[in-house]
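# Chains, contacts and geometry: an overview
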Amino acid sequence: MSNHMVQLNDVSKRFGDFVAVDNVNINIKRGEFLTLLGPSGCGKTTTLRMIAGFEQPNEGEIIINGQHVEGVPPYERDVNTVFQSYALFPHMNVADNVAFGLKMKKVPKNEIEQRVHDALKMVQLQDYANRKPDQLSGGQKQRIAIARAIVNNPKVLLLDEPLGALDLKLRKQMQLELKHLQQQLGITFIYVTHDQEEALTMSDRIAVMNKGVIEQIGTPDEIYERPASRFVADFIGETNLFEGVILETTDHSSYVEISGCKIPVPKQEDCRVQDRVYLAVRPERIRISVQPGNHEAELKGKFVERVYVGSVTKTIISINDQSVVISEYDEMVDMSPGQDVYISWQPEKAVVMKG
Ligand code: ATP
């Protein structure tokens, strides 16, 4: 048995001339929580709909639990989908909503009762069985929608922005609940969101999509610490991008010229002298000082302002009209607008990307 639950091999989808999904390859492991992350219109939902069977790829193949699913209708696939809109039947109570699919499949009555009870317990709504959807909060409705999906014991649960309609606090709570539920059930989750924080919190791996293409697949840590492209670096969290050219590569390091300074970076095997590159450095990796510190990777700039955002302070400086953001957590030295300041970081904390 393959340890992959869902495989997408060279999958493309066009709407007329428009390529919505462009040659996508993903192998999703059994029991994995994989998130498709990207901006609006990048092809996440279309990819999910092809796995569900609501759309057919123009090219490529989809394999679910070892079975090629070309021509297999949605209801015969081992998947269930949870939509942002809940899609509950308003005239039915909670228990009947959850039982609906099982009744259609003519599952015996006593088995339905037991499975509905178990599914409601999973989402902690066993006391709400007799309520109608309009007597529930948004978070409760979404939990019912999830119960209605898991009651079918799917091998794969597809979730399309399921928390998108909830307020921030409830959303954060539901993120953890969903993650725990997934671990408890041990089933494969494929989750769609455009919210990078949500993706980083919940996923085992994230596939970052842009314009129908997968830019990078990796663990939250890999995606955050080692973004493979400018798009990923920019889309995930906050980052500072410095433009420069490769000056030289020695046995241990490469050197990039940025604003007239020679800055060491991790060794770049596949870059040549004069190659144009971008250096990505996270705000929390940068230190700021009013004196030059003779650090290897150090740039001079001018202090602009500090912005307090709760647990962290964002300090903005400018280097040749480029704004650079630094996160400060500790005691901060007083600085005045226009004052010369020096920023530095450990060379190995910078990520180099080809321009
Ligand atoms: P969002 O986060 O806004 O839902 P998404 O990443 O899920 O975005 P998709 O819904 O997959 O994006 O859409 C990808 C592109 O394909 C969009 O430009 C969209 O307009 C287009 N598209 C999707 N469905 C159709 C369709 N049935 N006909 C024509 N174009 C479509």
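Report follows, based on the coordinates. (Residues numbered from 1 in each chain as written. Predicted model: local features only at pLDDT ≥ 70, side-chain atom pairs only at ≥ 80, totals over all residues. Heavy atoms only, no water.)

Each helix and strand counted, the chain has eight helices and 20 strands in total. Counting only residues that meet the buried cut, the chain has 49% of its 355 residues in that class. Excluding contacts between residues fewer than 6 apart, the proportion of contacts in the chain whose partners are at least 24 apart in sequence is 67%. Surface accessibility of the chain: about 17700 Å² in total, with carbon and sulfur atoms responsible for 46%. Measuring between centres, the 40 positive side-chain charges of the chain sit 6 Å from its 48 negative side-chain charges. (Helix = DSSP H or I, 4+ residues; strand = E, 2+ residues; numbered from the N terminus. Buried < 20%, exposed > 50% of the residue type's maximum accessible area, 1.4 Å probe, protein only. Contact = heavy atoms within 4.5 Å. Areas by Shrake-Rupley, 256 points an atom, 1.4 Å probe, with all protein chains shown as cover. Lys, Arg positive; Asp, Glu negative; His and termini not counted. Charge placed at Lys NZ, Arg CZ, Asp CG, Glu CD.)

Those residues of helix H2 (residues 94–104) not exposed but buried are Val 94, Ala 95, Asn 97, Val 98, Ala 99 and Leu 102. Those residues of H2 hidden inside the fold are in contact with helix H3 (109–122) and helix H4 (138–150). By the N-cap criterion, in which a side-chain oxygen at the helix start approaches the backbone nitrogen of a residue two or three places on, H2 is capped by Asn 93, the distance to Ala 95 being 3.2 Å. Trailing H2 by a residue or two, Lys 106 shows a phi angle of about 60°, which is positive. (Polar contact = N/O pair within 3.5 Å; in protein donor to acceptor, adjacent residues only side chain to side chain.)

To continue, consider the site of the ligand. Taken together, the neighbourhood of the ligand is formed by Phe 15, Phe 18, Ala 20, Pro 39, Ser 40, Gly 41, Cys 42, Gly 43, Lys 44, Thr 45, Thr 46 and Glu 161. For the ligand, an oxygen atom lies 2.6 Å from a polar atom in the side chain of Ser 40. Among the secondary structure elements, those contributing two or more residues to the shell around the ligand are strand E2 (18–29) and helix H1 (44–52). Among the elements that line the shell around the ligand, the one with the most residues is H1, at three residues. Counted by class, the shell around the ligand contains five nonpolar, five polar and two charged residues. (Near = heavy atom within 4 Å. Nonpolar A, V, L, I, M, F, W, Y, C, P; charged D, E, K, R; others polar.)

This next bit is on the environment of Gly 338. By the element assignment, Gly 338 lies in the loop between strand E18 (322–328) and strand E19 (340–345). Setting aside chain neighbours within four positions, we find Gly 338 in contact with Lys 302 and Phe 303.

With that settled, the discussion passes to the nonpolar core. Grouped together as the largest cluster of nonpolar side chains are 36 residues, with contacts concentrated most on Val 98, Val 116, Leu 120, Ile 144, Ile 146, Leu 157 and Leu 178. Taken together, the elements giving at least two residues each to this core come down to H2, H3, H4, strand E7 (156–160), helix H5 (168–185) and strand E8 (188–193). At six residues, H4 tops the list of elements feeding residues into this core. Each residue touching Ile 146, except ones within four places of it in the same chain, is listed here: Val 82, Val 123, Met 174, Leu 178 and Leu 181. Counting residues in each nonpolar core, the second largest holds 27 residues, with Leu 8, Leu 34, Ala 52 and Val 72 among its members. (Core = buried A, V, L, I, M, F, W, Y, C linked by side-chain atoms within 4.5 Å.)

With that out of the way, let us pick up the state of the cysteines. All chains considered together, the criterion is met by zero disulfides. Between Cys 261, a cysteine without a disulfide, and Cys 271, which holds the nearest cysteine sulfur, the sulfur-to-sulfur distance is 20 Å. Overall, the relative accessible area of 28% leaves Cys 261 in the partly exposed class. (Disulfide = S-S within 2.5 Å.)

Let us look at the packing of H2 against H4. A packed helix pair is summarised by two numbers, namely the angle formed by the two axes and the spacing between the axes. The interhelical angle for the contact between H2 and H4, taken along N-to-C directions, is 30°, at an axis separation of 8 Å. Compared by their axis directions, H2 and H4 come out roughly parallel. Crossing geometry of H2 relative to H4 is assigned as right-handed. In this structure, H2 uses Val 94, Asn 97 and Val 98 to contact H4, whose residues at the interface are Ile 144, Ala 147 and Arg 148. (Axes fitted to C-alpha atoms, helices over the stretch in contact; angles between N-to-C directions. Parallel < 35°, antiparallel > 145°, perpendicular 65-115°, else oblique. Left-handed = near helix turned anticlockwise from the far one by under 90°.)

Our next topic: the sheet that holds strand E14 (residues 276–281). Spatially, five strands are ordered E13-E12-E11-E14-E20 in an open sheet, and the strand pairing comes out antiparallel. Lying at the two open borders of the sheet, with one neighbouring strand each, are strand E13 (261–266) and strand E20 (351–354). With direction set aside, neighbouring strand axes in the sheet form an average angle of 45°. Pairing of strand E11 (residues 240–249) with strand E12 (residues 253–258), which is carried by four bridges, proceeds in the antiparallel orientation. Of the residues in E12, the one forming a bridge with Ile 246 is Val 256. (Pairing = 2+ DSSP bridges.)

Before going further, it helps to examine unusual backbone geometry. Located in the positive-phi region is Lys 106, a residue other than glycine, with phi close to 60°. Of note, Lys 106 is situated in the loop between H2 and H3. For Gln 124, which is not glycine, the phi torsion reads 60° and is therefore positive. Examined against the element boundaries, Gln 124 turns out to sit in the loop between H3 and H4.

Our focus in this paragraph is the environment of Glu 222. Counting through the fold element by element, Glu 222 comes out in helix H7 (residues 220–225). Beyond its immediate chain neighbours, meaning those up to four positions away, Glu 222 contacts Gln 216 and Pro 227.

Every α-helical turn comprises 3.6 residues, leaving residues that sit three or four positions apart pointing alike. Compared with the 20 Å implied by 1.5 Å per residue over 14 residues, the 20 Å span of H3 between its first and last C-alpha is a close match. Taken as a whole, H3 has its buried residues at Ile 112, Arg 115, Val 116, Ala 119 and Leu 120. End-on view of H3: buried residues confined to an arc of 130°, all on one side of the axis. Across H3 from its buried face, at more than 90 degrees, point the exposed residues Asn 110 and Glu 113. In this structure, the buried residues of H3 make contact with H2 and H4. Of the residues one or two after H3, Gln 124 is the one with positive phi, at around 60°. (Expected span 1.5 Å × (residues − 1). Arc of directions from axis to C-beta.)

What is shown is where atoms sit, not what they do.
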